[in-house]
Amino acid sequence: MPVIIAPSILSADFGNLNRDCQMINESEAEWFHVDIMDGVFVPNISFGFPVIKAIKKAAQKPLDVHLMIVDPDRYITHFAEAGANILSVHIEACNHLHRTIHEIKRQGMKAGVAINPHTGISLLHDIIADIDLVCMMSVNPGFGGQKFIENTYHKIADLKELIISKNSQALIEIDGGVATGNALKLVQQGADVLVAGNTVFSAPDPKAMVSELKKITSSDIISA
Ligand code: DX5
Ligand code: ZN
């Protein structure tokens, strides 16, 4: 399967949000990655429902919503109503992850689990068969434009093994510091989805950068 590219709206120009959403619509990207930060789970605050609804109105592709918030159960219904297609919660923020995942699905969304760089893959053993996506953080969550953490590579390979052994359908999404220099290696390790914020939006031609990421990662398929 060709890799899915999900540009992160966090790095968009919020004064020109509609323009940047149209760029994603017209690009080869498959998803919109939408980062929600509450200033408690992570040391930053991003944006809330009015902005998500504006993105939803402009977007012609699925919204992949990444919650970096404490107690996400309180807001599942709100995110469903705001138009989230995929909703990921952090394993570190959930006391009853199984219940949370099944509530997300019951509300008609795909369910994802996000894990911080220090969180081991072994914690996913008993939930991997129930989820649609693992959002593996390759930076400490909270900000765009950070440096990729190299330890991520072996975690991807370990997670791929777990997914296969459990007969899970979960996609592996890599979030943070994805760039032209590491995209192919990430896919070779087993990544299915690449989030890219700074790499796409700071490029002189963001749409061309999405195409470049696509091209770089499809060379893996050719050589496979
Ligand atoms: C970080 C966010 C990421 C971020 C990625 O907390 O979850 O999605 O926007 O940005 P880049 O690609 O710039 O590292
Ligand atoms: Zn994210």
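As shown above, the structure is provided for reference.
In this report, the structure presented in the accompanying data block is examined. (Residues numbered from 1 in each chain as written. Chains lettered and ligands numbered in written order. Predicted model: local features only at pLDDT ≥ 70, side-chain atom pairs only at ≥ 80, totals over all residues. Heavy atoms only, no water.)

What surrounds ligand 1 is a group of 20 residues, the closest being Asp-35, Gly-142, Gly-145, Asp-175 and Gly-197. In this structure, an oxygen atom belonging to ligand 1 sits 2.7 Å away from a side-chain N or O atom of Asp-35. The separation between an oxygen atom of ligand 1 and a polar main-chain atom of Gly-145 is 2.7 Å. Within the complex, 99% of the 380 Å² of free accessible area of ligand 1 lies under protein. Elements that contribute at least two residues to the shell around ligand 1 include exactly β2 (32-37), β3 (63-68) and β8 (193-196). Among the elements that take part in the shell around ligand 1, β2 stands out by supplying three residues, more than any other. Looking at the shell around ligand 1 residue by residue, the class counts come to eight nonpolar, 10 polar and two charged. (Near = heavy atom within 4 Å. Polar contact = N/O pair within 3.5 Å; in protein donor to acceptor, adjacent residues only side chain to side chain. Areas by Shrake-Rupley, 256 points an atom, 1.4 Å probe, with all protein chains shown as cover. Helix = DSSP H or I, 4+ residues; strand = E, 2+ residues; numbered from the N terminus. Nonpolar A, V, L, I, M, F, W, Y, C, P; charged D, E, K, R; others polar.)

Time to look at the sheet that holds strand β7 (residues 171-175). With respect to topology, eight strands assemble into an open sheet ordered β1-β8-β7-β6-β5-β4-β3-β2, the strand pairing being parallel. The open sheet has two edge strands, β1 (4-7) and β2, and neither has a second partner. In this sheet, adjacent strand axes meet at a mean angle of 25° when their direction is disregarded. Relative to strand β6 (residues 133-137), strand β5 (residues 110-115) is paired through four bridges, and the arrangement is parallel. Paired with Val-113 across the two strands is Val-134, which belongs to β6. (Pairing = 2+ DSSP bridges. Axes fitted to C-alpha atoms, helices over the stretch in contact; angles between N-to-C directions.)

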